Structures are given as C-alpha cells and as structure tokens.
Amino acid sequence: MSDNEQDWLALRPQEPSPSQCCGSGCKPCIYDVYERELAQWERAKAMQDKSLLTGKEEQSNNSELNPDTFTAFSVSSVEQLTEDTYQYKFELPGNSSLRLSLGQHIVLRGVLNGLEVQRAYTPISPRNAEGYFEVLIKCYEAGLMSQYIKTWRRGDVVFWRGPFGGFPYQPNKHGELLMLASGTGLAPMIPILQSITDDEEDETFVTLVGCFPTFDKIYLKPLLQDLARYWNIRIYYVLSQSPLSEWPGPAAGEDFIWAWEEDCSTQEGKLHWKNFLGVIRKTHTPVVSMKT
C-alpha cells in the first residue's frame, strides 16, 4: 500500500458503534452524519483533494447548540435529588438561551475507557431561561453513560448537540390534557406545564400523574408544588413501594387527593393504584406518556 493510500485511509471517517446512537430518532442521527462524512471523504479521495475535508467539524466551542456538531458547555452546579438522580446546571454565554421548542431533547456525548456513548435528555429549565439550562439525569450502577456522568464536577466541560424532536402542543387545542410520567420521564412534561402556566391565554386543564417508588423519591417536589397552585394544573402521585399508611399529610388514610400545605391551596395529591384507571377514564383527554 502506498503512502498516499495510507494517508487517505487515516482520514476515512470511522463508522459509529451501537453505543454512539442514543436511539431517540435524532435527525441527523450519528449514522446520518457518518454517511454524509463518508460521502465527502470518498468525493475528496476520488479528486485527490484533501481541502474538501476541511469543512468537517465534530465539536465546537462557540456555546451554540448545533444538531450536526457537539458543542462544549461548562457544568455550573450539581444537585443530588435522590441516591441515583441528579439535577445538572450548565452555563450559557451572556444572557443567551437554548431556544428549544416544546418537547425537544439534546444529545450528550461521553467517553469512558475509550468507548464513546451518546444519550438523549430533555432540559427541564424554562424555555426562556437566560444564561443557563438544566437537565435531570438518573444514573444507573451499570450504565456506561452513568459512570461518565458521575465523574462531573463544577467547572467540567461536556459536549451536547441538538436540538431534536418536539411535541406538537398548541394552546387551547384541547380542553384537557392527561400526562403520565414515570421517574425521569417527568422531564419532558415540565416545559409543557411551564408554557401553559406562563401563558395567561392558555386555559388548557392538565392532570399530571407521576409514578415513583416512594414519596422521598419524587423529583422536583417544590417545582411541582408551585405548578399545582395554578387553577388548571392538577398533580397526582402513584407510589409503587409505599403503603398508604406511610404517606405524609393529614389525610393519610384516604385514597385520593390531598394537599400537604396547611392552607390546602395546591391541587396536588396521592392516588391509589385502584383509582388510577378511574382518573384516566374520567378525563377523556389526549394522553402524553413518558417513562424513565
């Protein structure tokens, strides 16, 4: 093999491994990017012109999200919510914003022991948040990405690309909306709820049913409690590992709604699994469902 041929083979894009695909239907997917770069390489090689490869860029430091390349963001804070779930905050330059549409997610790239892994996460910060964005992440003991994420400290730089996907929500299109969320599947619901409560003209009534193992493992309780104060937001919890007698609040023996605030000003409560289907049947509404 000639030296010229070896030089071109060294520049040939590497096919992604299965671990590099987050499986969320991103457009472009990592495989789409590979096919595009491979075609670019084949064209440059056929013309023996390496300058045609100069447009290739795998990562950027300009702090602006891009679906084609990974952008560097700095970790500004780490908050542990439960023994395995964390809320991470990332810096954005100046007063800039991610400008995501409802339901959009971004893809994280991690490298552990030389193996590249990619996973998709939905930011939970308000869409109009300036200077930062936040992500809710559950870490699994045997997860490759989880092992990488648990090494993060304030000031570390990590790489994201996106945004992708979306949820076709239109204010007042439906009178009622039922949301079913298990664990960190709560994350995509938060921006939708916030967009409804921020819009005085949106009178959509929302019932959110959040499913968690125990009361202590409910994520973002203060935020959910604030959202439940709105007249058109109602929140229930289904706990898979807690007997009713162990639930906090004055109405521990009841099966349905309760409020732990003394003034009972929140529409937030517990829901026994026997009544779960009853709530769904009564609403007759479009259902949005996400799980961990």
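Residues numbered from 1 in each chain as written. Predicted model: local features only at pLDDT ≥ 70, side-chain atom pairs only at ≥ 80, totals over all residues. Heavy atoms only, no water.

**Student:** What am I meant to see in the overall build of the chain here?
**Tutor:** Helix and strand counts for the chain come out as 6 helices and 12 strands. Counting every position in the chain, which comprises 292 residues, the buried fraction comes to 46%. When contacts within the chain are restricted to residue pairs at least 6 apart in sequence, long-range pairs at least 24 apart make up 69% of them. Surface summary for the chain: the accessible area is close to 15,300 Å², and the carbon and sulfur share equals 48%. (Helix = DSSP H or I, 4+ residues; strand = E, 2+ residues; numbered from the N terminus. Buried < 20%, exposed > 50% of the residue type's maximum accessible area, 1.4 Å probe, protein only. Contact = heavy atoms within 4.5 Å. Areas by Shrake-Rupley, 256 points an atom, 1.4 Å probe, with all protein chains shown as cover.)

**Student:** Please explain empty space enclosed by the protein as it appears in this structure.
**Tutor:** Here the idea is plain: a probe the size of a water molecule rolls over the atoms and shows the empty space left. Enumeration according to the criterion identifies 1 cavity of 30 Å³ or more in this entry. Roughly 130 Å³ of volume is contained in the largest cavity. In terms of lining, the largest cavity is formed by 18 residues, of which the most central are Leu-100, Pro-123, Ser-125, Pro-126 and Arg-127. A class-by-class count of the residues in the lining of the largest cavity yields 10 nonpolar, 6 polar and 2 charged. (1 Å grid on protein atoms, 1.4 Å probe; cavity = no way out; pocket = protein on both sides within 12 Å on 5 of 7 lines; lining within 4 Å. Points joined across faces, edges and corners; volume = space filled by probe spheres on them. Nonpolar A, V, L, I, M, F, W, Y, C, P; charged D, E, K, R; others polar.)

**Student:** What am I meant to see in helix α4 (residues 189-198) here?
**Tutor:** Given 3.6 residues to a turn, an α-helix orients residues that are three or four positions apart in the same direction. With 9 of 10 residues buried, α4 lies mostly within the body of the structure. Met-189, Ile-190, Pro-191, Ile-192, Leu-193, Gln-194, Ser-195, Ile-196 and Thr-197 are the residues of α4 that are buried.

**Student:** What am I meant to see in the pattern of salt bridges here?
**Tutor:** Opposite charge on two side chains makes pairing possible when the charged atoms of those side chains draw close. Enumeration over the complete set of coordinates arrives at 2 salt bridges. With its nearest N and O atoms 3.8 Å apart, the salt bridge here joins Asp-226 to Arg-229. (Salt bridge = Lys/Arg side-chain N within 4 Å of Asp/Glu carboxyl O.)

**Student:** Explain the pairing of strand β8 (residues 176-182) here, please?
**Tutor:** Note on strand geometry: in a regular strand, side chains alternate between the two faces of the sheet. Across the 7 residues of β8, 5 count as buried, placing the element largely inside the fold. Sheet topology note: the β8/strand β9 (residues 205-212) ladder contains 7 bridges and is parallel. Its bridge partner lying in β9, Ser-182 is registered against Cys-211. (Pairing = 2+ DSSP bridges.)

**Student:** Mind showing me how you'd approach the packing of aromatic side chains here?
**Tutor:** The geometry of an aromatic ring pair is captured by the separation of the ring centres together with the interplanar angle, meaning the angle of the planes. A full pass over the atoms with the stated rule returns 11 aromatic pairs. Relative to Trp-152, the ring of Tyr-148 lies with its centre 5.7 Å away and its plane at 85°, an arrangement referred to as edge-to-face. Of the two residues, Tyr-148 and Trp-152, neither departs from the other in class, the shared state being buried. Members of the aromatic cluster, joined through ring pairs, are Phe-73, Tyr-86, Tyr-88, Phe-90, Tyr-121, Phe-133, Tyr-148, Trp-152 and Trp-160. (Phe/Tyr/Trp six-rings, centres within 6.5 Å; stacked < 30°, edge-to-face > 60°.)

**Student:** Please clarify how unusual backbone geometry should be interpreted in this entry.
**Tutor:** The general pattern is negative phi for most residues beyond glycine and trans for most peptide bonds. The step from Gly-162 to Pro-163 runs through a cis peptide bond, and the omega angle for that step is 0°. Its place among the elements puts Pro-163 in strand β7 (residues 157-165). The backbone of Arg-99 shows a phi angle near 55°, a positive value even though the residue is not glycine. Of note, Arg-99 is situated in the loop between β3 (85-91) and β4 (104-112). Phi at Leu-220 is positive, roughly 55°, even though this residue is not glycine. Within the secondary structure, Leu-220 sits in the loop between β9 and α5 (221-227).

**Student:** Even after reading the chapter, I still don't get the environment of Arg-12, so can you show me in this structure?
**Tutor:** Mapped onto the elements of the fold, Arg-12 is located in the loop between α1 (3-11) and α2 (30-47). On the basis of relative accessible area, Arg-12 is assigned to the partly exposed category, the value being 34%. With 26 residues separating them along the chain, Arg-12 and Leu-38 place their C-alpha atoms 7.0 Å apart.

**Student:** Could you clarify how one ought to interpret the environment of Leu-193 in this entry?
**Tutor:** Structurally, the position occupied by Leu-193 is in helix α4. For the pair Leu-193 and Leu-224, spaced 31 residues apart in sequence, the C-alpha separation works out to 9.5 Å. In this structure, Leu-193 is in contact with Met-179, Val-206, Leu-208, Leu-227 and Ile-233, ignoring residues within four places of it in sequence.

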